[in-house]
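# Structure at a glance
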Amino acid sequence: TCVVRGAVKLPAVLDSHMVIQRDQPVRIWGWAEAGEEVTVTLAEETQKTVADGAGQWLVELDSQEADGKPRQTKVVGKNTIDLEDVLVGEVWIGSGQSNMEWQLKNTTGAEQAIAAADHADVRLFHVPKVQADKIADDVNAKWKACTPENVATFSAVLYYFGKRLHDDLNVPIGLINSSWGGSPIEPWTIKNGISGGMYNGMIAPLTNVAVKGAIWYQGETNVINKNGLSYADKMTDLIQGWRKEFRNDHLAFHFVQIAPWSGERYEPGQLPALWEAQVATLKIPHPGMAVTTDLVDNIADIHPRNKQDVGNRLALWALAGTYGRRGMTYSGP
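What comes next is a walk through the structure.

Conventions and cut-offs
- Residues numbered from 1 in each chain as written.
- Predicted model: local features only at pLDDT ≥ 70, side-chain atom pairs only at ≥ 80, totals over all residues.
- Heavy atoms only, no water.
- Pairing = 2+ DSSP bridges.
- Helix = DSSP H or I, 4+ residues; strand = E, 2+ residues; numbered from the N terminus.
- Buried < 20%, exposed > 50% of the residue type's maximum accessible area, 1.4 Å probe, protein only.
- Contact = heavy atoms within 4.5 Å.
- Axes fitted to C-alpha atoms, helices over the stretch in contact; angles between N-to-C directions.
- Parallel < 35°, antiparallel > 145°, perpendicular 65-115°, else oblique.
- Left-handed = near helix turned anticlockwise from the far one by under 90°.
- Nonpolar A, V, L, I, M, F, W, Y, C, P; charged D, E, K, R; others polar.
- Phe/Tyr/Trp six-rings, centres within 6.5 Å; stacked < 30°, edge-to-face > 60°.
- Salt bridge = Lys/Arg side-chain N within 4 Å of Asp/Glu carboxyl O.
- Expected span 1.5 Å × (residues − 1).
- Polar contact = N/O pair within 3.5 Å; in protein donor to acceptor, adjacent residues only side chain to side chain.

## Digging into the pairing of strand β4 (residues 45-50)
- As paired elements, strand β3 (residues 37-42) and β4 share six bridges and run antiparallel to each other. Each bridged residue has a counterpart across the sheet, and for Thr39 the counterpart in β4 is Lys48.
- Here β3 hands over to β4 after two residues, with Ala43 in that stretch at a positive phi of 55 degrees.

## Notes on the environment of Val256
- Tracing the chain through its elements places Val256 in strand β14 (residues 252-257).
- Residue classification places Val256 among the buried residues on the basis of a relative accessible area of 0%.
- Sequence spacing of Val256 and Ile20 is 236 residues, and the spatial spacing of their C-alpha atoms is 26 Å.
- If we skip the residues at most four places from it in the chain, Val256 touches Trp216, Tyr217, Gln278, Ala290, Thr292, Val310 and Leu314.

## Let's talk about the side chain of Thr73
- Considering the arrangement of structural elements, one finds Thr73 in strand β6 (residues 71-76).
- Those residues in contact with Thr73 that sit more than four places away from it in its chain are Thr41, Leu42, Ile81, Asp82, Leu83 and Val86.

## A short note on the packing of helix α4 (residues 156-169) against helix α9 (residues 308-322)
- For the pair α4 and α9, the least separation of the axes is 7 Å and the interaxial angle reads 45 degrees. One way to sum up the angle between α4 and α9 is to call them oblique. The hand of the α4/α9 crossing is right-handed. Facing Val157, Tyr160, Phe161, Arg164, Leu165, Asp168 and Leu169 of α4, the residues of α9 in contact are Gln308, Val310, Gly311, Asn312, Leu314, Ala315, Leu316, Ala318 and Leu319.
- In the contact of α4 with α9, the residues fall into 11 nonpolar, three polar and two charged.

## Re the packing of aromatic side chains
- Tallied over the full model, the rule gives 11 aromatic pairs.
- Each ring, one from Trp216 and one from Trp242, has its centre 6.2 Å from the other, and the planes form 85 degrees; the classification is edge-to-face. With Trp216 in strand β13 (residues 213-217) and Trp242 in helix α7 (residues 231-245), this residue pair connects regions lying 26 residues apart in the sequence. By the burial criterion, Trp216 is buried, and Trp242 matches it.
- Centroid distance Trp317 to Tyr330: 4.9 Å. Interplanar angle 75 degrees. Geometry classified as edge-to-face. With Trp317 in helix α9 and Tyr330 in the segment after α9, the pair connects residues that are 13 residues apart, well separated along the chain.
- We classify Tyr330 as partly exposed; its relative accessible area is 36%.

## Focus on the pattern of salt bridges
- Tallying each qualifying case throughout the model produces 17 salt bridges.
- Arg27 is the salt-bridge partner of Glu60, the closest N and O atoms lying 3.7 Å from each other. With Glu60 in strand β5 (residues 56-61) and Arg27 in strand β2 (residues 26-31), this residue pair connects regions lying 33 residues apart in the sequence.
- Looking at Glu60, the relative accessible area reads 43%, which means it is partly exposed.
- The salt bridge involving Lys48 is made with Glu37; its shortest N-O contact spans 4.0 Å. Placement of Lys48 in strand β4 and of Glu37 in strand β3 is noted, with a sequence separation of 11 residues between them.

## Concerning α4
- Between its terminal C-alpha atoms α4 stretches 20 Å, which fits the 20 Å expected from 14 residues at 1.5 Å a residue.
- Where burial is concerned, most of α4 is hidden: 10 out of the 14 residues are buried.
- The opening residue of α4, the one whose side-chain oxygen lies 3.1 Å from the backbone nitrogen of Leu158, is Ser155.
- Directly after α4, the chain includes Asn170, whose backbone phi takes a positive value near 60 degrees.

Have a look at this one:
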């Protein structure tokens, strides 16, 4: 259906204070009136295009270096959009269920961590929970600087992951949290054109964004659903589907081997079977698996409160496997 849009409009993920993935082509896209000419300027480069019959347009600009300088971005059609304070660095998505969604304020050492979380070059983007029958074209979120106020309700694992990358790589970091407590893996997956509701509403609108990789903490619901060893195939579908849709065969994908739990909802044998399936996932290129069996403070709690070590272990996998850092102990025990 042809949508009459009028003014040039950008998706929420393209906004002031965003982080652009370095060393990859930059896609800028949005909507306008059908046939309207749109001009996009990023730093020194300008590209022009024309909105198609459905009012959609996209331009691809040259890759950018992480030089520490904020970029101006201008989009001009019948109206003008100016984006300020656009940084270039590393962009990662965090997804999964409640242990990824778990807010920093509810973790061990939260008070000190939040008070110290003033990082002007770390930017946070929190995707709200939406299930959609069809692929959505946008999300309702905003890029925010990492401040004590903004980080308290952000994903603890993703924050600690990003903080470690920021400390070690010394470049701006963009963190996109798109997670949903209690979710199984299936709604996040796209395969052969068939996509789940969470993928449609919370991942698909982001797939034009160049990202370095994803971190994933999910599996507890699939243990409860007695998926066991079949989870390896489900993870393969998830990773390969995302790589295809993000147009990046080298999209890094580092995940957490879920923590032990003594709850009665786990039937005997299902957790070890899923653990084995997670190990089998390492056969796919460019993955990493953070082990957490030693990080559980309360075996009766499905949400271990030590998220700093989880984020740090995922970051070690990224630093060694994705960024080629040597001399790091990243796999174990």
